[in-house]
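# Breakdown of the fold
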Amino acid sequence: MMWARNKARIAIVADDFGITKERNDGIIMGLTQGAVTATSLMLNGKAVDHGILLLREHKLLHLCGMHLNMTEGLSCDQTCKKSSLLVKNSLNNKMEFRGKLGFWDACSKGLIKPEDVEHEVQAQLDKFIEIVGSPPPHVDGHQHCHVLPSVRDAVARVLCKNGIRYTRIPQEKHVCSRRPLCPACSSVTQHANIARGVYLDYGIHTSDTFVGLTFCGSVYSKQELISAIRASLGHLKGIEVSGDDKSDNAQGEYPGRNRSEEDIAHSCEVMVHPGYREPHGHSWDDFGASEDRESELRVLCNAEVINSINLLGEPRPPAQLCS
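Overview of the structure.

Cut-off values and rules
Residues numbered from 1 in each chain as written. Predicted model: local features only at pLDDT ≥ 70, side-chain atom pairs only at ≥ 80, totals over all residues. Heavy atoms only, no water. Buried < 20%, exposed > 50% of the residue type's maximum accessible area, 1.4 Å probe, protein only. Helix = DSSP H or I, 4+ residues; strand = E, 2+ residues; numbered from the N terminus. Pairing = 2+ DSSP bridges. Right-handed = clockwise from strand over helix to strand, strands pointing away. Salt bridge = Lys/Arg side-chain N within 4 Å of Asp/Glu carboxyl O. Axes fitted to C-alpha atoms, helices over the stretch in contact; angles between N-to-C directions. Left-handed = near helix turned anticlockwise from the far one by under 90°. Contact = heavy atoms within 4.5 Å. Nonpolar A, V, L, I, M, F, W, Y, C, P; charged D, E, K, R; others polar.

Within strand β1 (residues 9-17), nine of the nine residues are buried, which leaves the element mostly enclosed by the surrounding structure. Across six bridges, the pairing between β1 and strand β8 (residues 267-272) is parallel. Bridging across to β8, Ala14 finds its partner in Val272. Of the strand pairs in this sheet, β1 and strand β9 (residues 314-315) are connected by two bridges, and their pairing is parallel. Bridge pairing in β9 places Ile10 opposite Pro315. Examined bridge by bridge, β1 and strand β2 (residues 38-41) share three bridges and lie parallel to one another. For Val13, the partnering residue across the bridge sits in β2 and is Ala38. Read as a crossover between parallel neighbours, the route from β1 over helix α1 (residues 21-33) to β2 is right-handed.

Here it is in structure tokens:
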């Protein structure tokens with residue numbers, strides 16, 4: 001089915017479901033009383049079972065995708081004793097993921113083996129199906145692990161093999177003049193530029209635009225959120241794309257596919273991280289213990305924000321953004 005050309009579609013996706021009970025409770029609030037349209041389950045989180053119970057209770061299981069994690073915590077395949085994704089944690093003597101910076105560094109040095117990536121992605125998909133009872137309608141990457149050069153082809157192959165047809169591409173335009181992208185986020189959006197074409201080559205689609213890197217999980221106002229979404233959708237006007245430049249540093253848009261305004265689907269995915277503040281000493285990390293999580297939740301449950309998003313377009317789960 002083709003959607004109406006002039007009607008934008010907007011997905012507000014809450015990351016890190018299953019990481020802690022506090023985050024789960026906040027995301028459920030965002031789904032039931034706020035602007036959140038879907039969430040993504042992190043399968044090695046501390047509160048996965050708690051999260052699944054909440055989704056079943058509220059009949060929201062169909063809105064849950066998978067938050068692929070190859071940077072933090074334990075592998076989902078505990079039979080794996082040796083993987084280029086893992087290093088020994090000197091504090092607990094367990095084999096764990098390398099951490100965000102360690103993962104990025106290992107990718108840049110060519111230390112991550114594609115077969116290890118494929119094995120881990122499949123293990124997480126298998127666990128998701130075991131817990132939920134069906135494949136995820138969408139898959140995105142924790143800390144954007146799925147768009148890095150040394151892993152994206154391997155991830156795309158496994159998603160394609162398992163019939164996954166939507167992923168997030170965190171390629172963000174300049175949507176807030178007061179919040180320029182930090183160096184790390186600028187690097188992510190450059191990698192996402194080429195990753196878009198890679199995933200499309202495997203038949204895996206994504207939204208036309210993206211919002212989320214601008215805020216980096218920090219406090220933002222309701223006006224800033226709405227303005228960012230509006231600006232992101234505005235970038236769709238008049239685009240004519242050439243896929244000739246395949247480098248990760250290319251500034252061209254959407255490589256791997258030639259498009260003009262005539263066949264652009266007006267869609268935007270917004271990455272958010274709402275939740276209740278986790279107590280210090282029991283949180284997953286400082287990000288979860290920050291007051292910013294509750295501030296974000298308040299913005300997303302604000303009636304003005306909900307109404308504004310409805311005026312900008314049709315709120316949908318991410319897998320329903322594409323024709």
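Here we come to the pattern of salt bridges. Enumeration according to the criterion identifies 10 salt bridges in this entry. With a closest N to O distance of 3.1 Å, Asp105 and Lys109 form a salt bridge. A residue is classified by how much of its surface remains accessible, and Asp105, at 35% relative accessible area, is partly exposed. The residue Arg157 makes a salt bridge to Glu118 at a minimum N-O spacing of 2.8 Å. Of this pair, Arg157 sits in helix α5 (residues 152-161) while Glu118 sits in helix α4 (residues 114-132), and the two are 39 residues apart along the sequence. Residue Glu118 is classed as partly exposed on the basis of its relative accessible area of 27%. Shared partners join several salt bridges into a network, and the residues in it are Asp15, Asp140, Arg168 and Glu269.

Contact geometry for α5 and helix α6 (residues 183-201): axes closest at 10 Å, N-to-C directions at 35°. For α5 against α6, the interelement crossing comes out right-handed. Contacts between α5 and α6 involve Arg152, Asp153, Val155, Ala156 and Leu159 from the first element and His191, Ile194, Ala195, Val198 and Tyr199 from the second. Residues that form the contact of α5 with α6 fall into these classes: seven nonpolar, one polar and two charged.

Nothing here speaks to function; it is geometry throughout.
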